[in-house]
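# What the coordinates show
As a plain string of letters, each chain reads:
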Amino acid sequence: MSQKNLSYASEQPDTPWQTYLAQVERVIPLLGELGTLAETLRRPKRALIVDIPIQMDDGSYRHFEGFRVQHSLARGPGKGGVRFHPNVNLEEVMALAAWMTIKNAAVNLPFGGAKGGVRVDPRSLSRRELEKLTRRYTSEIGLIIGPQQDIPAPDVNTDAQIMAWMMDTYSMNSGSAATGVVTGKPIDLGGSLGRVKATGRGLFLTGCDAARRLRLPIPGARLVLQGFGNVGGTAAELFASAGAKVIAVEDDSGAVHNSNGLDIGALQKYRAANGSIRGYAGAEPISTDNFWQLDSEILVLAALEGQLTPARAQALKTRLVLEGANGPTLPAADDILAQRDILVVPDVICNAGGVIVSYFEWVQDFSSYFWSEDEINRRLEQIHVEAFARIWEAAERHGVTLRTAAFLVACERILTARKERGLYP
Ligand code: GLU
């Protein structure tokens, strides 16, 4: 494979970038003539590494490493979030950018794919330090972002306040109020109604659609959830209000279990007050091993990449896996789940609600005309339902998993755009 001549091509198995490459390989035989252009999918178009020096509250100086990767701009401007996490590295951001290319094409948004990140534990920073870090990072990647070039958004550990600082910094540097440079902003700054809960809502809608096709009723279904941030929390709320029983939740502090169903509102309040779910009185603590072996109908993965390993896939006792995180399932685990007839709704369609409403926000900012929340949720549902139906149909037609079908639909669109644009010069 020509990856060998790329300096960033890691030999390590199971990194996010290797996972993405393995997913691409599976779709190439289905692409026909377009497959000859597939090399473009194996290389990020552009990657920027930036140094972010800031003065800490105690007067000392610290340097942080930041990234912005534009994987593909074939179908439109770059689009994808920014994460602040101690494990962020170039290869991870490359994979996350590539998954955005696939996701945006799978649900047919007029965007390419991009992602950014800073290698930092934001919990170790004061608010002032976090603002300085965000502003300097924005200024450094200002070379390649912009309302028509590449539009960042929230991701792991970033929120509307961070987007407000990013929008302000970019606007100060460009001399105009550039609301369209980021999405996921506060409502007063050109943000969109429905954006905060959009990823969790999209996951819920897609999950209900998949469950219906499996003839799996949501009322009474036992749901196990990994990750209790914005996406996992919203999904849990919506599934619980539709009658599902959320019997276990895991976050980075550990896992809790209650076979009668957890009170999601109470658990959210507990987490907001205590920073994690550890010690929540309405449930029993359980070990990670036991968490992965619980009997359930639905498993929602809303934490980080690489969580569903082959061993865990072998041990799982569930019917439906919904990927709220990006890249949570390793390719070898995917094969085991397919053999075991456990349906996986892949990240690139399951968690696309966030970027779909980001697209609505970007459109609203350009026209300076804002839609009602009902209008947004209605359009979100329409895009999800249509995209899912198309991917389901492709999976049946080719006898492949939903992930390979989603890649197929997406790669056909990306490579057709590539072909029509032609090669410059
Ligand atoms: N970070 C989200 C994702 O992974 C949203 C990206 C966006 O809205 O641009 O899909």
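The rules behind each value
Residues numbered from 1 in each chain as written. Predicted model: local features only at pLDDT ≥ 70, side-chain atom pairs only at ≥ 80, totals over all residues. Heavy atoms only, no water. Helix = DSSP H or I, 4+ residues; strand = E, 2+ residues; numbered from the N terminus. Buried < 20%, exposed > 50% of the residue type's maximum accessible area, 1.4 Å probe, protein only. Lys, Arg positive; Asp, Glu negative; His and termini not counted. Salt bridge = Lys/Arg side-chain N within 4 Å of Asp/Glu carboxyl O. Polar contact = N/O pair within 3.5 Å; in protein donor to acceptor, adjacent residues only side chain to side chain. Contact = heavy atoms within 4.5 Å. 1 Å grid on protein atoms, 1.4 Å probe; cavity = no way out; pocket = protein on both sides within 12 Å on 5 of 7 lines; lining within 4 Å. Points joined across faces, edges and corners; volume = space filled by probe spheres on them. Pairing = 2+ DSSP bridges. Axes fitted to C-alpha atoms, helices over the stretch in contact; angles between N-to-C directions. Right-handed = clockwise from strand over helix to strand, strands pointing away. Near = heavy atom within 4 Å. Areas by Shrake-Rupley, 256 points an atom, 1.4 Å probe, with all protein chains shown as cover. Nonpolar A, V, L, I, M, F, W, Y, C, P; charged D, E, K, R; others polar.

## Some words on the side chain of Glu129
By secondary structure assignment, the location of Glu129 is in helix α3 (residues 127-141). Here Glu129 sits buried without a salt bridge, and the closest side chain of opposite charge, Arg62, lies 6.7 Å off (N-O distance). Polar side-chain contacts of Glu129 include one of 2.8 Å to the backbone nitrogen of Ser126. Those residues in contact with Glu129 that sit more than four places away from it in its chain are Ile54, Met56, Asp57 and Ser124.

## Observations regarding empty space enclosed by the protein
Applying the stated criterion across every chain yields a total of one cavity of 30 Å³ or more. Around the largest cavity, the lining residues are Val224, Phe291, Trp292, Leu294, Ser296, Leu299, Leu316, Lys317 and Thr318.

## A short note on the sheet that holds strand β2 (residues 61-72)
Taken together, the four strands give an open sheet; going across it, the order is β1-β2-β5-β4, and neighbouring strands pair in mixed fashion. Each having just a single partner strand, β1 (46-55) and β4 (82-85) make up the two edges of the open sheet. Strand-to-strand twist across the sheet, computed as the mean angle between neighbouring axes with direction ignored, equals 20°. Sheet topology places β4 next to strand β5 (residues 113-119); four bridges connect them, and they run parallel. In the strand pairing of β5, Val82 is matched with Gly116. Across the sheet, α3 is in contact with β1, β2, β4 and β5; its angle to β1 comes to roughly 145°.

## Description of the pattern of salt bridges
Throughout the structure, instances matching the rule amount to 26 salt bridges. Notably, a salt bridge pairs Arg26 with Asp335, separated by 2.8 Å at the nearest N-O pair. Placement of Arg26 in helix α1 (residues 16-27) and of Asp335 in helix α10 (residues 331-339) is noted, with a sequence separation of 309 residues between them. If you follow the salt bridges from partner to partner, you end up with Arg83, Glu92, Lys115, Asp155 and Glu305 in one network.

## Thoughts on the pairing of strand β12 (residues 320-323)
Because side chains alternate across β12, one face comprises the buried residues Leu320 and Leu322, and the other comprises Val321 and Glu323, equally buried. With four bridges connecting them, strand β11 (residues 298-301) and β12 associate as parallel partners. Counterpart to Ile298 in the pairing with β12 is Leu320. Chirality of the crossover, the property in question, places the unit of β11, helix α9 (residues 310-315) and β12 among those that are right-handed. Note that β12 and strand β13 (residues 343-345) share three bridges and pair parallel. Residue pairing for β13: Val321 is matched across the bridge by Val344.

## Brief notes about the site of the ligand
For the ligand, the set of nearby residues contains 14 residues, the closest of which are Lys79, Lys103, Pro154, Asp155 and Ser358. One of the side-chain N or O atoms of Lys79 is found 2.7 Å from an oxygen atom in the ligand. Within the side chain of Ser358, an N or O atom sits 2.5 Å from an oxygen atom of the ligand. In isolation the ligand exposes 300 Å². Once the protein is present, 96% of that is buried. When contributions to the shell around the ligand are tallied by element, the ones reaching two or more residues are α2 (90-106) and α12 (353-367). Here the element with the most residues in the shell around the ligand is α12; it accounts for three residues. Looking at the shell around the ligand residue by residue, the classes come out as four nonpolar, five polar and five charged.

Geometry only, nothing functional implied.
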